[in-house]
Amino acid sequence: VVKFRRTGESSRSDEDVISGEHEIQIEGVRTELEPVELEDGAAVPKEFANPTDDTFMVEDAVEAIGFGKFQWKLSVVTGLAWASNYAMEMMILSILAPQLHCEWRLPSWQVALLTSVVFVGMMSSSTLWGNISDQYGRKTGLKISVLWTLYYGILSGFAPVYSWILVLRGLVGFGIGGVPQSVTLYAEFLPMKARAKCILLIEVFWAIGTVFEVLLAVLVMPTLGWRWLLILSALPLLLFAVLCFWLPESARYDVLSGNQEKALATLKRIATENGAPMPLGKLVISRQEDRGKMRDLFTPHFRWTTLLLWFIWFSNAFSYYGLVLLTTEFFQAGDVCSLSSRRKEVKAKCSLTCEYLTEEDYTDLLWTTLSEFPGVLVTLWIIDRIGRKKTMALSFFVFSFCSLLLFLCVGRNVLTALLFIARAFISGGFQAAYVYTPEVYPTATRALGLGTCSGMARVGALITPFIAQVMLESSVYLTLVVYSGCCLLAALASFFLPIETKGRGLQESSHREWGQEMVGRGSRSPEVTRSNSGSQE
């Protein structure tokens, strides 16, 4: 195959060129010649001297460079943010509430408010952090949210009265709302084949963070108290803040914001660390000034995806945190039938009655956390086999089925097995949603899409205590029907999602502009268009 570029100035006629014995492949049009001097003084077009004049996009570079040393480092840094800023701060809620309940003699509604205010902060800030990450960069949004959480997390340890700690924990929740953006940044550096597995394995860092928090509480609470626990729990965030200097900005974001040189430097840095070659040619820019706008989530192409994902995320958090609250109630009663009869016979306890957490309570917290590992392993095994949509639907269906089986008066062992299976699958479904959401939205709205979905999840987390605790007082069976029905609807919503992202690269811009990005990449296509006039493919 003889490759050449039609210039319109060739001294040879079209008939002379095409009549040869060689197959001709026309790659494009060039009207201006830049001669290159040979040793004998003859001049030839520059295209003959540099036949690799091609273009590539960030997606091509990420796929060509592959998974290597850089991605391993990024996995650790992202996992540290997930463990310290998310898992540890959330785990504190189950440790701090009973301690303040006893120490400050708080009524039950004030204890519950300590947990709710964190979710209110997360719900109110998730969309804002997504907008900041789309407008000013993923790294910028993540750094600000981490430093925010670090500052107010430490201040929480010095709260003198209940009102102060309520406000400060709400501000901590406001900062935690930006943590999901670490998944956005992480996903944009991962090649397609490794993306689902790597995002799912972030759940390992969640477990590490919660286990570390429980162990820290065992050591600190008996001697130094809850104030030091809050301060020491915030310190790992300082380590992540330091590592942020190593963390690069997303090359996809840089391309979209028109910063081609910075994006290219980031890709070259990754290629060097991984020991892989960069694609030859020029990086394509797809500048888009109007980024991170809510209306982009409701274009005809994404409208149904956004609405269905909001309900899926709501159902995930609603069911996950509801099951956590129900587990304690079921274990204390022995089974559902005993719990139902006990509610009818036993009078309500005084709201000021309190019990400090014991070593056995901390052990139960550890076991509850470890029960999520099977769910991650199952999800890891099926997500690239049956796809993201079917994985989420299966997780919701199994949770719903286990909830219905709780209607039976089963023994303690069967009850434990059903609760653990339900917990495993709903946590795996949650992680599948974290894989699907960054994949389905383009770079221009990816952070905002994930942020709004995370905000809807916090709405579910806010509502679920009223079902798992308040409604449980009147009817155990009605409570189970609510959770089971919600997950059945979420399973249907997963099936009806219009886009399956399995095996699909991350989009750089909106669907409307996607075709325009492909212009100029025809020379990479296996199909060849021939034209005597030298038209571009």
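About the cut-offs
- Every chain is numbered on its own, with residues counted from 1 as its sequence reads.
- Confidence filtering applies because this is a predicted model: local features only for residues at pLDDT of at least 70, side-chain atom pairs given and counted only at 80 or more, and all residues used for totals across whole chains, interfaces and linings.
- Neither water nor hydrogens contribute to the side-chain values; these are computed over all heavy atoms in the structure.
- To qualify as a helix, a DSSP run of H or I must reach at least 4 residues; to qualify as a strand, a run of E must reach at least 2; elements of each kind are numbered from the N terminus.
- The rule is simple: take the accessible area with a 1.4 Å probe, protein chains only, and divide by the maximum for that residue type; under 20% is buried, over 50% is exposed, in between is partly exposed.
- Should any heavy atoms of two residues lie within 4.5 Å, those residues are considered in contact.
- Under the convention used here, a 1.4 Å probe and the Shrake-Rupley method define accessible areas, while residue burial counts only the protein chains that appear.
- Here the expected length of a helix is defined as 1.5 Å per residue gap, with one fewer gap than residues.
- Salt bridges are counted wherever a side-chain nitrogen of Lys or Arg sits within 4 Å of a carboxyl oxygen of Asp or Glu.
- Note on geometry: axes are lines fitted to C-alpha atoms, helical ones only across the stretch in contact, with angles between N-to-C directions running from 0 to 180 degrees.
- For classification purposes, an angle smaller than 35 degrees is called roughly parallel, one larger than 145 roughly antiparallel, one from 65 to 115 roughly perpendicular, and anything else oblique.
- Each residue receives one of three labels: charged for Asp, Glu, Lys and Arg, nonpolar for Ala, Val, Leu, Ile, Met, Phe, Trp, Tyr, Cys and Pro, and polar for the others, Gly being one of them.
- In plain words, nonpolar cores are sets of buried Ala, Val, Leu, Ile, Met, Phe, Trp, Tyr and Cys residues tied together by side-chain atoms within 4.5 Å.
- Only protein atoms enter the 1 Å grid used here, on which a cavity is any set of points holding a 1.4 Å probe that cannot leave and a pocket is any open set flanked by protein within 12 Å on both sides along at least five of seven lines; residues with an atom within 4 Å of a point are listed as lining.
- Grid points are joined across faces, edges and corners, and a volume is the space filled by probe spheres set on the points.
- The criterion for an aromatic pair is that two Phe, Tyr or Trp rings (for Trp, the six-membered ring) have centres within 6.5 Å, with stacked assigned to planes under 30 degrees apart, edge-to-face to planes over 60 apart and tilted to the rest.
- Here, a disulfide means two cysteine sulfur atoms that sit within 2.5 Å of each other.
- Confidence of the prediction at every residue is given by pLDDT, a number between 0 and 100.
- For patch building, the residue pool is restricted to those with more than 30% relative accessible area and no salt bridge; the joining distance is 9 Å between like charges and 5 Å between nonpolar side chains (Val, Leu, Ile, Met, Phe, Trp, Tyr).

**What to know about the overall build of the protein chain**
Piece 1. Per the secondary structure count, the protein chain includes 21 helices and 6 strands.
Piece 2. Taken across its 537 residues, the protein chain has 54% of its residues classed as buried.
Piece 3. For the protein chain, the proportion of contacts with a sequence separation of at least 24, taken over those separated by at least 6, is 81%.
Piece 4. As presented, the protein chain carries roughly 24,300 Å² of accessible surface, and 64% of it is formed by carbon and sulfur atoms.

**Here's the deal with helix H17 (residues 388-405)**
Piece 1. Between its first and last C-alpha, H17 extends 26 Å over 18 residues, near the 26 Å set by a 1.5 Å rise per residue.
Piece 2. Residues Arg388, Lys389, Thr391, Met392, Ala393, Ser395, Phe396, Val398, Phe399, Ser400, Cys402 and Ser403 constitute the buried set of H17.

**Some words on the environment of proline 279**
Piece 1. Mapping proline 279 onto the fold places it in the loop between helix H12 (260-274) and strand S6 (282-283).
Piece 2. Judged by relative accessible area, proline 279 falls into the buried class, the value being 17%.
Piece 3. When the C-alpha positions of proline 279 and leucine 267 are compared, they lie 9.9 Å apart, and in sequence the two are 12 residues distant.
Piece 4. Sequence-distant contacts of proline 279, that is, excluding residues within four places in its chain, are made with Phe56, Asp60, Ala61 and Ala64.

**As for the pattern of salt bridges**
Piece 1. Inspection of every chain in the model, using the stated rule, returns 8 salt bridges.
Piece 2. Here glutamate 439 and arginine 195 are joined by a salt bridge, their closest N and O atoms 3.3 Å apart. Of this pair, glutamate 439 sits in helix H18 (residues 412-440) while arginine 195 sits in helix H9 (residues 192-220); the two residues are 244 residues apart in sequence, bridging distant segments of the chain.
Piece 3. The class of glutamate 439 is buried, set by a relative accessible area of 1%.
Piece 4. Under the relative-accessibility criterion, arginine 195 is labelled buried at 0%.
Piece 5. A salt bridge links glutamate 273 to arginine 269; the nearest nitrogen and oxygen atoms lie 3.5 Å apart. With glutamate 273 and arginine 269 both in helix H12, this residue pair falls 4 residues apart, about one helical turn.
Piece 6. Judged by its relative accessible area of 27%, arginine 269 falls in the partly exposed class.

**Let's talk about the packing of helix H4 (residues 69-103) against helix H10 (residues 226-243)**
Piece 1. Interaxial distance between H4 and H10 falls to 10 Å at its minimum, and their mutual angle equals 170°. As far as their axial angle goes, H10 and H4 are roughly antiparallel.
Piece 2. Residues belonging to the contact of H4 with H10 are distributed by class as follows: 17 nonpolar, 4 polar and 2 charged.

**What about the nonpolar core?**
Piece 1. Counting 117 residues, the largest nonpolar core has Tyr86, Ile165, Leu309, Trp313 and Tyr434 as its most contacted members.
Piece 2. Of all the elements, H4 adds the most residues to this core, at 15 residues.
Piece 3. Here isoleucine 165 is in contact with Leu96, Leu100, Trp104, Leu114, Ser156, Ala159, Trp226 and Leu230, once residues within four sequence places are set aside.

**With respect to empty space enclosed by the protein**
Piece 1. All chains considered together, the criterion is met by 6 cavities of 30 Å³ or more.
Piece 2. In this structure, the largest cavity encloses a volume near 150 Å³.
Piece 3. Along the walls of the largest cavity sit Trp82, Tyr86, Glu203, Trp206, Tyr320, Tyr321, Glu372, Ser427, Phe430, Gln431, Tyr434 and Arg458, which together make up its complete lining.
Piece 4. Put simply, the parts of the chain that give the lining of the largest cavity at least two residues each are H4, H9, helix H13 (303-333) and H18.
Piece 5. In terms of residues, the lining of the largest cavity owes the most to one element, H18, which gives 4 residues.

**Thoughts on the side chain of serine 427**
Piece 1. The residue serine 427 is located in helix H18 in this model.
Piece 2. What serine 427 contacts, discounting residues up to four positions off in sequence, is Tyr320 and Glu372.

**Concerning the packing of aromatic side chains**
Piece 1. Under the definition given, this model contains 19 aromatic pairs.
Piece 2. Between the aromatic rings of tryptophan 82 and tyrosine 434, the centroid separation amounts to 5.2 Å while the plane-to-plane angle is 85°, which identifies the pairing as edge-to-face. A residue pair is termed long-range when its members are at least 10 positions apart, and tryptophan 82 in helix H4 and tyrosine 434 in helix H18 qualify at 352 residues.
Piece 3. In this structure tryptophan 82 comes out as buried when scored by relative accessible area, which is 2%.
Piece 4. The class for tyrosine 434 is buried, based on a relative accessible area of 3%.
Piece 5. Measuring from centroid to centroid gives 5.1 Å for tyrosine 320 and tyrosine 321, while their planes differ by 90°, and the two rings are edge-to-face.
Piece 6. One aromatic cluster is present, formed by Trp82, Phe119, Trp313, Tyr320, Tyr321, Phe430 and Tyr434 through successive ring pairs.

**Quick notes on helix H7 (residues 162-176)**
Piece 1. The terminal C-alpha atoms of H7, which comprises 15 residues, lie 21 Å apart, in line with the 21 Å expected from a rise of 1.5 Å per residue.
Piece 2. Restricting attention to buried positions, one finds in H7 the residues Tyr162, Ile165, Leu166, Leu168, Arg169, Gly170, Val172, Gly173, Gly175 and Ile176.

**Brief notes about the state of the cysteines**
Piece 1. Tallied over the full model, the rule gives 0 disulfides.
Piece 2. Here cysteine 486 is not cross-linked by a disulfide; its sulfur's nearest cysteine counterpart is in cysteine 487, at 5.5 Å.
Piece 3. With relative accessibility at 10%, the residue cysteine 486 sits in the buried group.

**Here's the deal with the confidence of the model for the protein chain**
Should pLDDT be low for a region, the predicted coordinates there are not to be read in detail.
Piece 1. Within the protein chain, residue pLDDT values average 75, and 74% of them lie at 70 or more.
Piece 2. In this model residues 343-352 is a low-confidence stretch, pLDDT under 50, and it forms 11 contacts with partners more than four residues away in sequence or in other chains.

**Observations concerning a nonpolar patch on the surface**
Piece 1. A cluster of nonpolar residues, Leu489, Leu492, Phe495 and Phe496, forms a patch on the protein surface that exposes about 460 Å² of accessible area.
Piece 2. As for its position among the elements, phenylalanine 496 is in the loop between helix H20 (476-495) and helix H21 (511-517).

**Considering the side chain of threonine 437**
Piece 1. For threonine 437, the location among the structural elements is in helix H18.
Piece 2. The residues touching threonine 437, leaving out its near neighbours within four places in the chain, are Leu309, Trp313, Gly449, Leu450 and Cys453.

**Examining the packing of H9 against helix H16 (residues 373-386)**
Piece 1. The contact between H9 and H16 brings their axes to 10 Å, and the two run at 175°. Accordingly, the angle class assigned to the pair H9 and H16 is roughly antiparallel. Residues Lys193, Ala196, Lys197, Leu200, Leu201, Glu203, Val204 and Ala207 of H9 pack against Phe373, Val376, Thr379, Leu380, Ile383 and Asp384 of H16.
Piece 2. Of the residues that constitute the contact of H9 with H16, the class distribution is 9 nonpolar, 1 polar and 4 charged.

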